[in-house]
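Chain and residue survey
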Amino acid sequence: MDLHVTLAGSGDLTAQIYAQLREAVLDGRLAGGDRVPATRELATSLRVSRGTVTAAYDRLLAEQLLESRRGSGTFVAAGCVPPARSGTARGRRTRPGAVTPTAAWRSPSAAPRVPGDAAYDFSVGVPDASLFPLATWRRIVSGTLRRGRLAPDTYDERGVSRLEGEIARYAGVSRSVVASADDVVTTAGAQQALDLVARVLVEPGDVVAVEDPGYTAAARLFSTHRATVRGVPVDGEGIVVDALPDAARLVYVTPSHQHPTGVAMSRARRIALLEWAVRHDAVLVEDDYDSEFRFADRPLEPLQSLDRDGRVVYVGSFSKSLLPGLRVGYAIAPSSLTPALREAKRVTVWDGDAVTQRALADFLAEGHHAAHVKRATKVYRARRDELLRGLAALEHRLEIVPSAAGLHVCTFLRDGDLDDLAVADRALAAGVFVDPLSPRHLERPTRHGLAFGVGGIREEAIGPGLAVLRDVMREVRGEVSAPRPRRRAGG
Ligand SMILES: Cc1ncc(COP(=O)(O)O)c(C=O)c1O
C-alpha cells in the first residue's frame, strides 16, 4: 500500500515516521492485514537512511501494531485496533469545518426511501437489471478495450460524437424526434442534461415551473441553480397550462408518462403548452425518461416533434431502457442552444466515459438496444397486466390512474383520511415496498396515493405482494390486526 508520510525539518525522523504510521493504524486508514512498504522502499522515497525507518518499524512491531511475516513483508497486525476505533468506513476522519456551503446547499434533500430487505419490492424508477443483455454488452466493451479504443470517438472538430449520431437516429425512428447528430448532447444521465440546461438558461431568481406532484430530483436541481421553483398542478391530461405562472422562463414536464402519476399529456394539452411557451417566451424541457416501454398502440408525439418554434429541449436517458449505472442520457436541443450546452459540458466534466460511449454507439448501431427494448417490454407488459389485475381487486381502496407507458402505475387512495406515508411505512414493516405520492409534492398534497413499479418485482410475486398490502390497508383503517412481516428469502 502506498503510504503518505511527511517529514518536517531534521528533528527526530524515526519518531515522525513512527507517529504517522501509528496514527494511520489507529484511525483506520490502515486496517489489519494491510501491507506496509518495505523499509528499503520507504527509506528511498523519504530520502532517509534505512536504519531510520527500521527503528520506527521496530517500535510498532514491539507495540504489536505491525507484524512481520517471514518472506512476505511487514503488515498491520490483525485485530490490533478495537472495532469501535477502526469502524467500518476505513480511513474516515471527520474534521469540523469553519466553512459552509452556499444557501442552496445548506439543507440537503430528505434521504430517499429504500426497500431494504422487503420481500415485495414495488420500487419506482428502476428497471430489472437481470434483463440487461450482459453477454452482448460484455462482448462489445471487451472489443472496444481490446482494440485500444480509449479516446472519445468524434466526427468533427466541434466534438460531435458517433454516439450522438446514433442517438439522433434512434430518437428519430423510435420517438419521431426531429434531430441530427449536431442537435444531440450526450450526458451522464437525464440529470446532467437538466443541469446543463439550467446552467445555460436559468439566471438566479428566474421562475422555473415544474409539475406538482413531480420529479423532485429535477425540482431540487433547478433550486440549486437558485431558480424560484413553482409547482403547477397536474390533472388527467397533464400539467394544467392555465395554472402556469406568467413569469416562468422554463417549464419542466414529463408528457409521455407524467412522473409520478403516469398520465399521458393529451394532444390538446401539448398544443396548448407549446402555444403558451410561444406567448410567454419560455423554454419547455421535455423529459421522456421511460417512454420506450409502451403498452398502447399509438404513442402520442413528443412535444419536440410538434414544436415549430425551437422552444423544446428533449431529454432522454438509457437509465430505464438499459441500466441507471451506465450514466448515459442526452439532450436534443434547438441549434440556438447546443453550442452553449456543449461548452457547459466541457467546462464541468470535459466529456463522459469514452469506452461506455463507444460501446453504446455500437450497441445501438447493431440493433441490440431495439431488440432489448422489445424483449423487456414483453416482460414488463406481463408484470403490468398482473399488477393491474391485482389492483382491480383493491379498487374499493385504490383508484388506478390510467397510463399507457413506463415502468410504474400510480393509484390514489380513495379514503381521503388515509395518509400515504403511514400506509407505505406500515406496508414496509409487513415486507411490501411501495412509493407514497405525498413526498413527490412541492406544495401541500392534493391527493394521497401509492405508486407501484414493475422493474424490481417478478410477475409471480405481484399477487402475493398486493395481498399483503390489502391486509395492511385493512389494518391501517383499524379493521384487523397487523399482518406478519415478510422478508426476502435469505435476507
Ligand atoms: C422523471 C425522471 N426523469 C429522469 C430519470 C432518469 O434519470 P437519470 O437518467 O439521470 O438516471 C428518472 C429516474 O428515476 C425519472 O424518474
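Residues numbered from 1 in each chain as written. Predicted model: local features only at pLDDT ≥ 70, side-chain atom pairs only at ≥ 80, totals over all residues. Heavy atoms only, no water.

**Some words on helix α7 (residues 189–201)**
Residues spaced three or four apart along an α-helix point in a common direction, a consequence of the helix completing one turn every 3.6 residues. For α7, spanning 13 residues, the distance from its first C-alpha to its last is 19 Å, which sits close to the expected 18 Å at 1.5 Å a residue. In terms of burial, α7 is largely enclosed, as 10 of its 13 residues are buried. Residues of α7 that are buried: G189, A190, Q192, A193, L194, D195, L196, V197, A198 and L201. (Helix = DSSP H or I, 4+ residues; strand = E, 2+ residues; numbered from the N terminus. Expected span 1.5 Å × (residues − 1). Buried < 20%, exposed > 50% of the residue type's maximum accessible area, 1.4 Å probe, protein only.)

**As for the sheet that holds strand β6 (residues 228–235)**
In spatial order, the strands read β4-β11-β10-β9-β8-β5-β6-β7; together these eight strands make up an open sheet with mixed pairing. Only two strands of the sheet have a single partner each, and these edge strands are β4 (184–187) and β7 (238–239). Pairing geometry for strand β5 (residues 207–212) and strand β8 (residues 248–253), over four bridges, is parallel. Within the sheet, the bridge partner assigned to V208 lies in β8 and is L250. (Pairing = 2+ DSSP bridges.)

**Some remarks on the packing of aromatic side chains**
A full pass over the atoms with the stated rule returns seven aromatic pairs. Centroid distance F293 to Y380: 5.0 Å. Interplanar angle 80°. Geometry classified as edge-to-face. You can see F293 sitting in the loop between β9 (283–287) and α10 (303–306) and its partner Y380 sitting in helix α13 (residues 368–392), a full 87 residues away along the chain. Here a set of aromatic residues connected by ring pairs shows up, and it is made of F132, W137 and F363. The ring of Y18 carries the charged tip of R59 above its face, separated from the ring centre by 3.8 Å. The aromatic ring of W105 is capped on one face by R220, whose charged end is 5.7 Å from the ring centroid. (Phe/Tyr/Trp six-rings, centres within 6.5 Å; stacked < 30°, edge-to-face > 60°. Lys NZ or Arg CZ within 6 Å of the ring centre and 35° of its normal.)

**Digging into the sheet that holds strand β13 (residues 408–413)**
In spatial order, the strands read β12-β13-β16-β15; together these four strands make up an open sheet with antiparallel pairing. Of all the strands in the sheet, just β12 (398–400) and β15 (435–436) have a single pairing partner and so form its edges. Relative to β13, β12 runs antiparallel, the two being bridged by three bridges. Bridging from a neighbouring strand, L398 pairs with L413 of β13. Packing against the sheet, α13 makes contact with β12, β13 and β16 (449–453), and its axis sits at approximately 10° to β13. (Contact = heavy atoms within 4.5 Å. Axes fitted to C-alpha atoms, helices over the stretch in contact; angles between N-to-C directions.)

Honestly, that's just the spatial picture; any functional story needs more than this.
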